[in-house]
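Survey of secondary and tertiary structure
What follows is the residue order along each chain.
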Amino acid sequence: MAASPDEPIPAPGAPCRVVLCRDCCCGTVKVDGDHAAQTARLRAEVPLRISECLDICEQANVVVVQPSGAARAAGARPVWLALVNDAGATDDIVAWVRAGGPGVAPMPDILELYAATPPRRM
């Protein structure tokens, strides 16, 4: 049975996951917020990888939502989010990832406020 256009597409293979920066600025006293609670919430709710510096320190805390393997194969790309320093934003990220994330579920409008451009690697 095919999914209706309003239902998320199942994502077989590698799941949608979150990369959370926790290095020189993100997750430290340099940035306001309950970093331990944010990390614990994401770890409990979604596939999570903790990363070293993602090179946009001036926009800490940085979160990257990676599409599932199937969504990536269909053209979806990672979504970078910055200034993710409150529980509400973390809740919105969790809900989006649980719905399928990039390429599967539309990004909630509120997360557009956190959209960031990844750094260019030299």
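Cut-offs used in this document
Residues numbered from 1 in each chain as written. Predicted model: local features only at pLDDT ≥ 70, side-chain atom pairs only at ≥ 80, totals over all residues. Heavy atoms only, no water. Salt bridge = Lys/Arg side-chain N within 4 Å of Asp/Glu carboxyl O. Helix = DSSP H or I, 4+ residues; strand = E, 2+ residues; numbered from the N terminus. Buried < 20%, exposed > 50% of the residue type's maximum accessible area, 1.4 Å probe, protein only. Expected span 1.5 Å × (residues − 1). Arc of directions from axis to C-beta. Contact = heavy atoms within 4.5 Å. Polar contact = N/O pair within 3.5 Å; in protein donor to acceptor, adjacent residues only side chain to side chain. Pairing = 2+ DSSP bridges. Axes fitted to C-alpha atoms, helices over the stretch in contact; angles between N-to-C directions.

As a further point, take the pattern of salt bridges. Any two side chains of opposite charge can pair if their charged atoms end up close together. Going through the model one piece at a time under the given rule, you end up with three salt bridges. A salt bridge links Glu-45 to Arg-41; the nearest nitrogen and oxygen atoms lie 3.8 Å apart. Here Glu-45 pairs with Arg-41, and both are found in helix 1 (residues 35-45), just four residues apart, close to one helical turn. Judged by its relative accessible area of 29%, Arg-41 falls in the partly exposed class.

The next thing to look at is helix 3 (residues 87-99). The terminal C-alpha atoms of helix 3 lie 18 Å apart, and with 13 residues this matches the ideal 18 Å at 1.5 Å per residue to within 8%. Looking at helix 3, one finds that the buried residues are Ala-89, Thr-90, Ile-93, Val-94, Trp-96 and Val-97. Buried residues in helix 3, looked at end-on, bunch into an arc of 165°, giving them a common side. Structural note: helix 3 exposes Ala-87 and Arg-98 on the side pointing more than 90 degrees away from its buried face. Packing partners of the buried residues in helix 3 comprise strand 1 (17-21), helix 1, strand 3 (63-66), strand 4 (79-81) and helix 4 (109-112). A side-chain oxygen of the first residue of helix 3 lies 3.0 Å from the backbone nitrogen of Gly-88; this N-cap is Asp-86. After helix 3 finishes, the residue Gly-100 shows a positive phi value of roughly 130°.

Moving on, we come to the pairing of strand 1. Burial runs high along strand 1: four of the five residues are buried. Relative to strand 3, strand 1 runs antiparallel, the two sharing four bridges. When the sheet's bridge partners are listed, Val-19 is paired in strand 3 with Val-64. As paired strands, strand 1 and strand 2 (residues 48-51) are joined by four bridges and run parallel to one another.

Another point: the sheet that holds strand 2. Reading across the sheet, the four strands line up as 2-1-3-4 and stay open at both edges, with mixed pairing between neighbours. This sheet does not close on itself; its edge strands, each paired only once, are strand 2 and strand 4. Strand-to-strand twist across the sheet, computed as the mean angle between neighbouring axes with direction ignored, equals 20°. Sitting on the sheet, helix 1 is in contact with strand 1 and strand 2, with an inclination near 145° to strand 2.

Looking now at unusual backbone geometry. Glycine aside, the phi torsion of most residues is negative, and most peptide linkages are trans. Here Ala-60 and Asn-61 are connected by a cis peptide whose omega angle stands at 5°. Among the secondary structure elements, Asn-61 is positioned in the loop between strand 2 and strand 3. Phi is positive for Asp-55, close to 70°, though the residue is something other than glycine. In this fold, Asp-55 is placed in the loop between strand 2 and strand 3. Although it is not a glycine, Leu-83 adopts a positive phi angle of roughly 60°.

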